[in-house]
Amino acid sequence: VYFYSAPDNFSEEMLRGKRVIVTGASSGIGEQMAYHLARMGAHVLLMARTEAKLQKVVERCLELGAASARFVSGSMENTAFAEEVVKEAENTWGGLDMLILNHIGYSYFNYFDGDVEHVRKLLETNFLSYVAMTVTALPMLKESEGSIVVVSSVAGKAGGPFIAPYSATKFALEGFFSSLRHEFIIDNVNVSITLCILGFIDTDSAMRVVSHAIRAAPSPKEECALEIIRSGALRQRELHYPPSIVTGMLLLRGLAPDLLDTLIRSNVIKSTRLEAQRGLGSMLRPCASLHVFSAFHCILLKEGMK
Ligand SMILES: NC(=O)C1=CN([C@@H]2O[C@H](COP(=O)(O)OP(=O)(O)OC[C@H]3O[C@@H](n4cnc5c(N)ncnc54)[C@H](OP(=O)(O)O)[C@@H]3O)[C@@H](O)[C@H]2O)C=CC1
Ligand SMILES: CC(C)CCC[C@@H](C)[C@H]1CC[C@H]2[C@@H]3C(=O)C=C4C[C@@H](O)CC[C@]4(C)[C@H]3CC[C@]12C
């Protein structure tokens, strides 16, 4: 009820002239966020590893009407680089209004293979670099009473199969940033923290890695990107996108966690080759999970109306 009845006084004008860093902006949701921000007239500083892709995104941002657009290329495996990106914003703009933390390093979609080094590297890229950027950006964000937007996943709220290292990094984000939110409130620091809980989104990389293995239909990256910007600008605590599926999942997690786990497993199909290797007989059966979530959604709306 809360998520559906929250006031929505968003206007694209809210982003005009704002100074925004978007990480992981060379493709997927980050690239789409850059285009929305450009259209809204923001200053954007984009970050990823691939310079050629970033160059193209910057050019498109300028065509779309960005107040200014530039990029820094490098890898977030190294926290020194995370600090460098924020310093670039400081040197160019002398301040910062919004920090959108969105990048992720590559991880496999398969049984956990016992590679502890991979988990350590992924924690550095997906989690520690978010902490390092926040630490460096905080003085500027305090000054502007700005916003931190953290892009996470339903995999950061509930475990799913074949994504153990990735899921761990997303759970870490919620622990760190929800603790920080308390401290900001205790200390009267007016910097908002928005945690974005996303379901399956149709980015090229996600479609490449898991489209054959997930029964649920993906949601559009363009709309997802806009919702992230909107929730950050409105200083919301959490975004659920797509709303009915994610909110339904989280409600079910509280009420019947085993049932949720069953629904998640039934939405993930493993290739026959891997199933055979593991000696598992048949593939997981399809399940009416989406209907269960829709039913939750209807109950919520009805209760809200009452
Ligand atoms: N797509 C989905 O289904 C879902 C996505 N999400 C979340 O949404 C966010 C965006 O995902 P999505 O758009 O699909 O991902 P993409 O793979 O499309 O984009 C990832 C971005 O991160 C950059 N990147 C990769 N490795 C590094 C690195 N080591 N250092 C710096 N940048 C790096 C990539 O560029 P380059 O390779 O040039 O460095 C790219 O710009 C992530 O936080 C993800 O967890 C959450 C739930 C579902
Ligand atoms: C019950 C169902 C409706 C929902 C099941 C949700 C599961 C299957 C959904 C929710 C979150 C999704 C993952 C995610 O967060 C991000 C990425 C990174 C990307 O590069 C590759 C795909 C991957 C691993 C997604 C795979 C599918 C996941 C696990």
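Residues numbered from 1 in each chain as written. Chains lettered and ligands numbered in written order. Predicted model: local features only at pLDDT ≥ 70, side-chain atom pairs only at ≥ 80, totals over all residues. Heavy atoms only, no water.

Per an unreviewed UniProt entry, the chain carries the name 11-beta-hydroxysteroid dehydrogenase 1 and comes from Anser cygnoides. As recorded by UniProt, the Subunit (unreviewed entry) comment attached to the chain reads in full: "Homodimer." Its UniProt record gives the chain a comment under Sequence similarities (unreviewed entry), which states: "Belongs to the short-chain dehydrogenases/reductases (SDR) family." (UniProt positions renumbered as here; feature names shortened; annotations may be inferred.)

**A word on the pairing of strand E5 (residues 147-153)**
Counting buried residues along E5, seven of its seven residues qualify, which places the element largely inside the surrounding structure. In E5, alternate side chains face the same way, and those of Ser147, Val149, Val151 and Ser153 on one face and Ile148, Val150 and Ser152 on the other are all buried. Where strand E4 (residues 98-101) and E5 come together, four bridges link them in parallel fashion. Paired with leucine 99 across the strands is isoleucine 148, a residue of E5. Pairing analysis gives seven bridges linking E5 to strand E6 (residues 192-198), with the strands arranged parallel. Of the residues in E6, the one forming a bridge with serine 147 is serine 192. (Buried < 20%, exposed > 50% of the residue type's maximum accessible area, 1.4 Å probe, protein only. Helix = DSSP H or I, 4+ residues; strand = E, 2+ residues; numbered from the N terminus. Pairing = 2+ DSSP bridges.)

**Thoughts on the sheet that holds strand E3 (residues 68-73)**
Hydrogen bonds between backbone groups are what pair the strands of a sheet, and the pairing can be parallel or antiparallel. Strand order in the open sheet made by the seven strands is E3-E2-E1-E4-E5-E6-E7, with parallel pairing throughout. Edge positions in the open sheet fall to E3 and strand E7 (238-241), since each of these has one partner strand only. On average, each strand axis in the sheet is inclined to that of its neighbour by 15°, with strand direction left out of account. Examined bridge by bridge, strand E1 (residues 19-23) and strand E2 (residues 43-48) share five bridges and lie parallel to one another. (Axes fitted to C-alpha atoms, helices over the stretch in contact; angles between N-to-C directions.)

**Comments concerning the site of ligand 1**
Close to ligand 1 lie 30 residues, the nearest being Arg49, Thr50, Tyr166, Thr203 and Ser205. With respect to ligand 1, the backbone of asparagine 102 contributes an N or O atom lying 2.8 Å from an oxygen atom. In the environment of ligand 1, an oxygen atom lies 2.7 Å from a nitrogen or oxygen atom belonging to the side chain of threonine 203. If ligand 1 stood free it would expose 890 Å²; the protein chains cover 92% of that surface. At the level of secondary structure, the elements contributing two or more residues to the shell around ligand 1 comprise helix H2 (28-39), E2, E5, helix H6 (164-186) and helix H7 (204-210). It is E5 that provides the largest number of residues to the shell around ligand 1, a total of three residues. Broken down by class, the residue content of the shell around ligand 1 amounts to twelve nonpolar, 16 polar and two charged. (Near = heavy atom within 4 Å. Polar contact = N/O pair within 3.5 Å; in protein donor to acceptor, adjacent residues only side chain to side chain. Areas by Shrake-Rupley, 256 points an atom, 1.4 Å probe, with all protein chains shown as cover. Nonpolar A, V, L, I, M, F, W, Y, C, P; charged D, E, K, R; others polar.)

**Brief notes about the environment of leucine 64**
Here leucine 64 is to be found in helix H3 (residues 51-64). With a relative accessible area of 25%, leucine 64 lands in the partly exposed category. Measuring from C-alpha to C-alpha, the distance between leucine 64 and glycine 41 comes to 8.4 Å, with 23 residues separating the pair along the chain. For leucine 64, the contacting residues outside a window of four places in its chain are Tyr35, Ala38 and Arg39. (Contact = heavy atoms within 4.5 Å.)

**A short note on the site of ligand 2**
Around ligand 2, a shell composed of 14 residues is seen, among which Ser153, Val154, Tyr166, Ile214 and Asn267 lie nearest. Residue serine 153 places a side-chain N or O atom 2.6 Å away from an oxygen atom belonging to ligand 2. In this structure, an oxygen atom belonging to ligand 2 sits 2.8 Å away from a side-chain N or O atom of tyrosine 166. Contact with the protein chains hides 87% of the accessible area of ligand 2, taken as 620 Å² for the molecule alone. Looking at which element gives the most residues to the shell around ligand 2, the answer is H7, with three residues. Residue classes in the shell around ligand 2 are distributed as eleven nonpolar, three polar and no charged.

**Quick notes on the state of the cysteines**
By the definition in use, this model includes zero disulfides. No disulfide involves cysteine 196; its sulfur sits 7.8 Å from the nearest other cysteine sulfur, which is in cysteine 224. On the basis of relative accessibility, which here comes to 0%, the residue cysteine 196 falls in the buried class. (Disulfide = S-S within 2.5 Å.)

**Here's the deal with the pattern of salt bridges**
Scanning the model with the defined rule gives ten salt bridges in all. In this structure, glutamate 63 and arginine 60 form a salt bridge, with 3.2 Å as the shortest nitrogen-oxygen distance. Taken as a pair, glutamate 63 and arginine 60 lie in helix H3 at a separation of three residues, close to a single helical turn. Taking relative accessible area as the criterion, glutamate 63 reaches 61% and is therefore assigned exposed. You can call arginine 60 partly exposed: its relative accessible area is 38%. The salt bridge involving glutamate 117 is made with arginine 120; its shortest N-O contact spans 3.0 Å. With glutamate 117 and arginine 120 both in helix H5 (residues 116-144) and three residues apart, this pair spans about one turn of that helix. When salt bridges with common partners are traced through the structure, they connect Lys157, Glu174 and Glu238 into a single cluster. (Salt bridge = Lys/Arg side-chain N within 4 Å of Asp/Glu carboxyl O.)

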